[in-house]
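Structure assessment
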Amino acid sequence: MPAGLTAHERYFFDVNGYLVIDGVLAPDEASRLNDVVTARRLPPAGDSVASQRFDADFLLWDQGFRDLLDHPAVLPRLRDLVGDYLRLDHAYGIVMAPGTSGLGLHGGGTPWDPSQYYVHRGGHMYNGLTTVTWALVDAGAGHGGFGCIPGSHRAAEALPDGVPAEWVKEVPVPAGAVLIFTEALTHCTLPWRAPHERRAVLYKYAPGHLGWGPYRDPPHRLSRVLTATQRRLFQPPAVAPHDPV
Ligand SMILES: O=C(O)CCC(=O)C(=O)O
């Protein structure tokens, strides 16, 4: 099993609450997965957040999406952030048309949320719900997409109303790159300004004991095509019994 977070990545995540790893997927693989989404002819994405999302069924569309569940460049890093008993809580995709807006600022270290938290104790980082976003197309500088207030996962003050827009940092995520962030970070979807559609898939992991969303057994047609490691990611939230991934 390759090493987890590098020392630079640990420090960056600890200080900022997110991390971008470039080039995890080769450009042709990101583009192939994007073509898989195109081939599904999804209803057009509009202004509502619901219309900009597609559900976890995408895990059935192509082996490539299942391979991302426990990708060797990501799983060891997630173990450092979420622990060895991590589970996939839920997953969904984002499609945004040029000129549309998404979810406003949410999350943040305070008030305490026992499902979305960040604490550092005894030399370890402990995260609640933690998102891994795979960019299938470029989300470049000025395109919008993921934005956050860096460091706000550590905020001891609640987010006041009407913070200046310049406090929110746009985080570019090139096609094939991965963004990992703690849901304790105050974050949002910035208006999408690129000429192309935004396409990304989000995998949301939780420590083994934690259920953010309602637990549902994976459908049979999914579990029969998962590897043994991937199947362990679909365990219900529990301290025991629970196998490490
Ligand atoms: O990447 C984005 O647009 C942000 C998504 C988001 O807010 C979330 O998953 O909680």
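From a predicted model like this one, the values you see are computed outputs, not experimental measurements.

Each value, and the rule that gives it
- Residues numbered from 1 in each chain as written.
- Predicted model: local features only at pLDDT ≥ 70, side-chain atom pairs only at ≥ 80, totals over all residues.
- Pairing = 2+ DSSP bridges.
- Helix = DSSP H or I, 4+ residues; strand = E, 2+ residues; numbered from the N terminus.
- Near = placed C-beta within 6 Å.
- Nonpolar A, V, L, I, M, F, W, Y, C, P; charged D, E, K, R; others polar.
- Core = buried A, V, L, I, M, F, W, Y, C linked by C-beta atoms within 7 Å.
- Buried ≥ 20, exposed ≤ 12 C-beta atoms within 10 Å, placed from the backbone.
- Contact = placed C-beta atoms within 7 Å.

A few words now on the sheet that holds strand 3 (residues 87-96). If you walk across this open sheet you meet the six strands as 1-9-6-11-3-2, and the pairing is antiparallel. The sheet terminates laterally at strand 1 (18-21) and strand 2 (53-54), the two strands that pair on one side only.

Taken together, the residues surrounding the ligand are Ile94, Gly102, Leu103, Thr131, Thr133, Gly145, Phe146, Glu183, His187, Thr189 and Leu202. Considering only residue class, the shell around the ligand consists of four nonpolar, six polar and one charged.

Moving on, we come to the environment of Pro111. Turning to its location among the elements, Pro111 is positioned in the loop between strand 3 and strand 4 (118-121). Expressed as a C-alpha distance, the spacing of Pro111 and Ala155, which sit 44 residues apart in the sequence, is 9.1 Å.

Before going further, it helps to examine the nonpolar core. In terms of nonpolar packing, the biggest core is built from 55 residues, with Tyr18, Trp134, Ala135, Leu136, Leu179, Tyr203 and Tyr205 touching the most fellow members. Looking at this core, the elements with two or more residues in it are strand 1, helix 2 (27-39), helix 5 (75-82), strand 3, strand 6 (130-135), strand 7 (145-148), strand 9 (178-182) and strand 11 (198-206). Leaving out residues up to four positions away in the same chain, Tyr205 has contacts with Leu78, Val82, Leu86, Arg87, Leu88, Asp89, Thr130 and Val132.

Bringing the sheet that holds strand 10 (residues 187-190) into the picture now. Strand order across the open sheet formed by three strands is 8-7-10, with antiparallel pairing between neighbours. Two strands lie at the open edges of the sheet, namely strand 8 (169-170) and strand 10, each paired on one side alone. Where strand 7 meets strand 8, two bridges bridge the pair, whose relative direction is antiparallel. For Gly147, the partnering residue across the bridge sits in strand 8 and is Glu170.

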